[in-house]
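Residues per chain, in single letters:
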Amino acid sequence: MSAAEARSNRPRPLLLVLLAVVAVIAAWRYLPSFGGGPGFTRTTHADLQSATIEVVELAAHILDETPLDVTATRDPWSFASRPAPDRAVPVATVPEPKPIAVQPVVPERPRPPAPTPIGPRPPAVDIVYLGTMGRDDDPVAVFSDGSAIYNALTGDLVKDRFQVHRIGYESVDLLFVGFPDEPAVRLAIGGRPNG
């Protein structure tokens, strides 16, 4: 072991003296046996004895007795006190209800029926949409009127009364020839027009 290592392991006297001074101040300040600093208190034998509490024995025979007639004088669920029982409580009088005038029921006039359109009406759809065939980008719609089969592309006429407006996956829209203001009628596969 070298001299430098031996010197570093030795306790330093200055630190030991400082530690001893701190210990003496703490003992003088906080311990009661050293004659009195501001924290000094003298503990006596009377201070160490705890206060005695008197315990009353529970008598089981008292539990079976019926309690005295005690009437409640206060309602714990209300915030106001009850009036004294010897006073008469005034009874509020309710005014008699006034009769309500019944208004006679006026019967509603019947509405006239919707006016029938003047002029020609589009023909009834008498064909059934059977489905499509062909390519997806240019499908062919197939119709039947019960006696003949009709194949039509978009824009073609069926029975010279209906024009194929749009062909979808499961339905087709038809326009009426000669009725440009009439909306298209949609036919589902195997069914009649949906409106």
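Rules used throughout
Residues numbered from 1 in each chain as written. Predicted model: local features only at pLDDT ≥ 70, side-chain atom pairs only at ≥ 80, totals over all residues. Heavy atoms only, no water. Pairing = 2+ DSSP bridges. Helix = DSSP H or I, 4+ residues; strand = E, 2+ residues; numbered from the N terminus. Axes fitted to C-alpha atoms, helices over the stretch in contact; angles between N-to-C directions. Buried < 20%, exposed > 50% of the residue type's maximum accessible area, 1.4 Å probe, protein only. Expected span 1.5 Å × (residues − 1). Core = buried A, V, L, I, M, F, W, Y, C linked by side-chain atoms within 4.5 Å. Phe/Tyr/Trp six-rings, centres within 6.5 Å; stacked < 30°, edge-to-face > 60°.

Student: I tried to follow the sheet that holds strand β3 (residues 149-152) on my own but got confused; where do I start?
Tutor: What holds strands together in a sheet is hydrogen bonding between their backbones, with the strands either parallel or antiparallel. As summarised here, the arrangement of the 3 strands in space is β1-β2-β3, forming an open sheet in which the pairing is antiparallel. Lying at the two open borders of the sheet, with one neighbouring strand each, are β1 (128-134) and β3. Neighbouring strand axes in the sheet, compared pairwise and without regard to direction, differ in orientation by 25 degrees on average. With 6 bridges joining them, β1 and strand β2 (residues 139-144) adopt antiparallel strand pairing. Residue Tyr129 lies in a different strand from β2, and its bridge partner there is Phe143.

Student: Would you mind showing me how to read unusual backbone geometry here?
Tutor: Even without being glycine, Lys159 reaches a positive phi, approximately 60 degrees. Mapped onto the secondary structure, Lys159 falls in the loop between β4 (157-158) and β5 (162-167). Positive phi is not limited to glycine here, since Asp160 has a value of about 55 degrees. With respect to the secondary-structure elements, Asp160 resides in the loop between β4 and β5. Given the relative accessible area of 63%, Asp160 is considered exposed.

Student: Is there a simple way to explain helix α2 (residues 13-30) in this structure?
Tutor: Every α-helical turn comprises 3.6 residues, leaving residues that sit three or four positions apart pointing alike. An ideal rise of 1.5 Å per residue puts 26 Å on 18 residues; α2 measures up with 26 Å between its terminal C-alpha atoms. The element α2 is largely exposed, with a buried count of 1 among its 18 residues.

Student: For this particular structure, what's the right way to read the nonpolar core?
Tutor: Burial of nonpolar side chains together is a common tendency in soluble globular proteins. Grouped together as the largest cluster of nonpolar side chains are 15 residues, with contacts concentrated most on Ile127, Phe143, Val164, Val172 and Leu187. Mapped onto this core, the elements with two or more residues apiece are β2, β5, β6 (171-176) and β7 (185-188).

Student: It is not clear to me how the packing of aromatic side chains should be interpreted in this structure. Could you clarify?
Tutor: Between two aromatic rings, the relevant description is the distance of the centres plus the angle of the planes. Per the counting criterion, the structure on display carries 2 aromatic pairs. When the ring of Tyr129 is compared with that of Phe143, the centres are 5.6 Å apart and the planes differ by 50 degrees; the resulting orientation is tilted. On the criterion of sequence distance, the pair formed by Tyr129 in strand β1 and Phe143 in strand β2 is long-range, its members being 14 residues apart. For the pair Tyr129 and Phe143, one class covers both residues: buried. When the ring of Phe162 is compared with that of Phe176, the centres are 6.0 Å apart and the planes differ by 65 degrees; the resulting orientation is edge-to-face. Here Phe162, found in strand β5, pairs with Phe176, found in strand β6; they are 14 residues apart in sequence, far enough to count as distant. Phe162 gets classed as buried once you look at its relative accessible area, which sits at 0%.

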